[in-house]
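Descriptive analysis of the structure
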Amino acid sequence: MGSLKIENIRKSFGQVDVLKGIDLEVKDGEFVIFVGPSGCGKSTLLRVIAGLEDATSGDILIDGKKVNNTPPAKRGIAMVFQTYALYPHLSVRDNMGLGLKQAGKPAEEIKERIGIASSMLSLDDYLERRPAELSGGQRQRVAIGRAIVREPQLFLFDEPLSNLDAALRVNTRIEIARLHRQLKATMIYVTHDQVEAMTLADKIVVLNKGRIEQVGSPMELYNAPQTVFVAGFIGSPQMNLIDATKLGLSGAKTIGIRPEHIQVSKTSGEWKGAVIHVEHLGADTIIYLQTDFGPLTVRLFGEHRFDVDGVLYATPDAGRIYRFDNEDQVIKDG
Amino acid sequence: MAKPTASPVRTGIVHLALIIYTLIALFPVFLTVINSFKDRASIFRDPLGLPTPSTFSLIGYQTVLGQGDFVLYFQNSFIVTGVSIFFVLLFGAMAAFALSEYRFRGNTLMGLYLALGIMIPIRLGTVAILQGMVAAGLVNTLTALILVYTAQGLPLAVFILTEFMQTVSDDLKNAGRIDGLSEYSIFFRLVLPLVRPAMATVAVFTMIPIWNDLWFPLILAPSDATKTVTLGSQVFIGQFVTNWNAVLAALTLAIVPVLVLYLIFSRQLIRGITSGAVK
């Protein structure tokens, strides 16, 4: 129903190469998230898939059909935008129905599909309102409804939650996850927020500087990062990346250890450090240490009391240490 | 809700300055209007006096309307101004959309070229324009005036509308594309309604110089059938004798339509600003 294949996509704006050869396969019904820092090309890739930008070279296949020269409306896609992008002069109903009307669907069918979508998103009471009369969360629901009504093979989300406040973001995230289960549709979702990526995705695609760094399930990326970039990007607080030479270790350039995989003790341990700052989050306590080899972040579960400027000894879990070579690739333990 | 810093004295001074400015700006208009209702002798004897029962006279209006041609002159002015505004807005908005929306080689250069007309007054080209109109057989037609005024209004329209159209969200246009709207529908149905305040501004800026222009009607269309109001009222100004009653009455009449149009456009302008368009 909605598989997607991307073959060697490149995109340049003048001299600047934004996408430098992307290959990717998305299976029917998968929830795939593109994640990466700003400027990594994730939104451009989404626009190329949507047909809003032409790729400089490469092929896009939706459902096995090449769509390089197909206009966006004929690709069987629907897109939800960061800024909602509702038509300000149309009612919610007309916003949702415009695409179908353009496609020449009979009025009865349009009405029925709007009815299904609006009850799914509990928008029934707002159908006759204008977007200006809705709250941010409601507007985003209308935008999602507009996508659902089209019954697309492929849903594209371009940072849909970044304009919402924190509480609403969690709710809408849950709603999107529910929709994915309900519709069983293929969804591609762009975000820079790794929490959204980890919680929603079947498969995460980490992009950096126009290339794919790694593709995998959230837990694969967390447990087996292939590169220093992925190791540093996935997980919060960030993984500690330590210059191996400062630790006196050979055979690797960088050593990585996640803050949650370090034990601390007041009396003895592998690394000695001074406490610079402590953050109490209730469920977690995050300790920032200054050691001989630089700063070190430690995350402990539960509540702990430590004095700033006190001395602590940190010991990493031996099995959780990652080693990276000169090309920033992970070294597999032989 | 009053701002905490606004003391009554400060507000008073600001209002006083604005009132004085308004009085100065309205004074010539006021003078024109009151004198148009007086007889000839009292215009000269007491130019600042309001019309009294003894000095009140409609002789000016009778002369103007009695001439018969004035209805035609008004009609000419309306046609020329209205059609010119329409073309300026249509072509200006289309050019602005192309410049702001599409990436193509020479985009910036094209924008500068289209804005060049703001810096170079069109009257410098009068001789060439006249030669062109003669060659095209358009002298003494309203078409000639409409063509010239459209050209005259376009540069500023393109300039202002380009800036405004850049503020229309890309996501909105892209949403339209995904919903299957053609580029023309996106332009007419999504972008134009959102830049309506800018269109009203451009319409006002375009309208007033066209309505008031004496130069091009005098050169390109001085025939009786194509005279505009401004040119028409010149018949009362002679080298030796000027029929002031008629001149003032004609000018007063000429203010009315432009005032009405201005009110219409400025209401659009305010409505556009306050309609709370979604970004």
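Rules and cut-offs
Residues numbered from 1 in each chain as written. Chains lettered and ligands numbered in written order. Predicted model: local features only at pLDDT ≥ 70, side-chain atom pairs only at ≥ 80, totals over all residues. UniProt positions renumbered as here; feature names shortened; annotations may be inferred. Contact = placed C-beta atoms within 7 Å. Helix = DSSP H or I, 4+ residues; strand = E, 2+ residues; numbered from the N terminus. Nonpolar A, V, L, I, M, F, W, Y, C, P; charged D, E, K, R; others polar. pLDDT = per-residue confidence, 0-100. Core = buried A, V, L, I, M, F, W, Y, C linked by C-beta atoms within 7 Å. Buried ≥ 20, exposed ≤ 12 C-beta atoms within 10 Å, placed from the backbone. Domains from an automatic or database assignment. Axes fitted to C-alpha atoms, helices over the stretch in contact; angles between N-to-C directions. Parallel < 35°, antiparallel > 145°, perpendicular 65-115°, else oblique. Left-handed = near helix turned anticlockwise from the far one by under 90°. Pairing = 2+ DSSP bridges.

As recorded by an unreviewed UniProt entry, chain B carries the name Carbohydrate ABC transporter permease and is attributed to Phyllobacterium endophyticum. Heading Subcellular location (unreviewed entry) of the UniProt record for chain B holds this comment: "Cell membrane". Word for word, the UniProt comment on chain B under Sequence similarities (unreviewed entry) is "Belongs to the binding-protein-dependent transport system permease family."

Within an unreviewed UniProt entry, the label attached to chain A reads Sugar ABC transporter ATP-binding protein, and the organism entered is Phyllobacterium endophyticum. Within the UniProt record for chain A, the comment given under Sequence similarities (unreviewed entry) is "Belongs to the ABC transporter superfamily." Taken directly from UniProt, the Subcellular location (unreviewed entry) text for chain A runs: "Cell inner membrane".

As a further point, take the interface of chain B and chain A. Contacts between the two partners involve 17 residues from chain B and, on the opposite side, 21 residues from chain A. For the side of chain B that touches chain A, the secondary-structure elements that each account for two or more residues are α8 (170-178) and α9 (183-194) of chain B. For the side of chain B that touches chain A, the leading source of residues is α8 of chain B, giving six residues. Residues of the side of chain B that touches chain A, tallied by class, amount to nine nonpolar, four polar and four charged.

Caution applies to low-pLDDT regions: their predicted coordinates should not be interpreted in detail. Residues and elements named next belong to chain B. With 94% of its residues at a pLDDT of 70 or more, chain B has an overall mean of 86. Helix α6 (residues 126-136) holds the highest mean pLDDT among the elements of chain B, 94, whereas helix α13 (residues 244-274) holds the lowest, 79. Contacts of residues 275-279 to residues separated by more than four positions or lying in other chains number nine contacts, the stretch itself having pLDDT below 50. On the interface metric, ipTM, the complex scores 0.84, and its pTM is 0.79.

Across soluble globular proteins, you tend to see nonpolar side chains buried next to one another. Counting 133 residues, the largest nonpolar core has Ile33, Leu156 and Ile188 of chain A together with Leu145, Leu161, Val191 and Val195 of chain B as its most contacted members. With 13 residues, the top contributor of residues to this core is helix α7 (residues 142-165) of chain B. Two domains each provide a minimum of three residues to this core, namely domain 1 (4-226) and domain 2 (237-324) of chain A. When sequence neighbours within four positions are dropped, the list of residues in contact with leucine 156 of chain A reads Leu46, Ile49, Ala50, Ile77, Met79 and Ile188 of chain A. Ranked by size, the runner-up nonpolar core spans 12 residues in total, among them Phe236, Ala246, Val247 and Ala250 of chain B.

This part takes up the packing of helix α3 (residues 107-120) of chain A against helix α4 (residues 136-149) of chain A. Residues and elements named next belong to chain A. Look at α3 against α4: their axes get within 9 Å of each other, and the N-to-C directions meet at 140°. Taken as axis vectors, α3 and α4 run oblique relative to one another. Considering only the axes of α3 and α4, their crossing is right-handed. Between α3 and α4, the residues in contact are Arg113, Ile114, Ala117, Ser118 and Met120 and Gly145, Ile148 and Val149, respectively. Here the residues of the contact of α3 with α4 sort into five nonpolar, two polar and one charged.

Here the domain parsing of chain A yields domain 1 (4-226) and domain 2 (237-324). In this structure, domain 1 of chain A and domain 2 of chain A have C-alpha centres spaced 39 Å apart.

Moving on, we get to the packing of α7 of chain B against helix α10 (residues 196-212) of chain B. A packed helix pair is summarised by two numbers, namely the angle formed by the two axes and the spacing between the axes. Residues and elements named next belong to chain B. Taken N-terminus to C-terminus, the directions of α7 and α10 make an angle of 160°; their axes are 10 Å apart at the nearest point. What the angle tells us is that α7 and α10 run roughly antiparallel. Crossing of α7 against α10: the hand is right-handed. The segment α7 lies against α10, with Tyr149, Gly153, Leu156, Ala157, Ile160, Leu161 and Phe164 engaging Ala198, Thr201, Val202, Phe205, Thr206 and Ile210. Each residue belonging to the contact of α7 with α10 can be placed in one class, and the counts come to 10 nonpolar, three polar and no charged.

Before going further, it helps to spend a moment on the sheet that holds strand β18 (residues 322-324) of chain A. All names here are of chain A. Ordered by their spatial adjacency, three strands build an open sheet running β11-β12-β18, and the pairing between neighbours is antiparallel. Only two strands of the sheet have a single partner each, and these edge strands are β11 (240-243) and β18. Within the sheet, the average angular offset between the axes of one strand and its neighbour, ignoring direction, is 25°. Looking at chain direction, β11 and strand β12 (residues 254-257) are connected through four bridges and run antiparallel. Within β12, the residue paired with leucine 241 across the bridge is glycine 256.

Moving on, we get to α6 of chain B. α6 of chain B sits mainly on the outside: one of its 11 residues count as buried. Positive backbone phi, at 70°, marks glycine 137 of chain B, one or two positions downstream of α6 of chain B.

Turning our attention to the sheet that holds strand β14 (residues 271-280) of chain A. Residues and elements named next belong to chain A. Spatial strand order, β13-β17-β14-β15-β16: five strands in an open sheet with antiparallel pairing. The sheet terminates laterally at β13 (262-265) and β16 (294-301), the two strands that pair on one side only. Taken pair by pair, the neighbouring strands of this sheet meet at an average axis angle of 45°, ignoring direction. Sheet topology note: the strand β15 (residues 284-291)/β16 ladder contains eight bridges and is antiparallel. Directly across from tyrosine 288, in β16, lies its bridge partner threonine 297.

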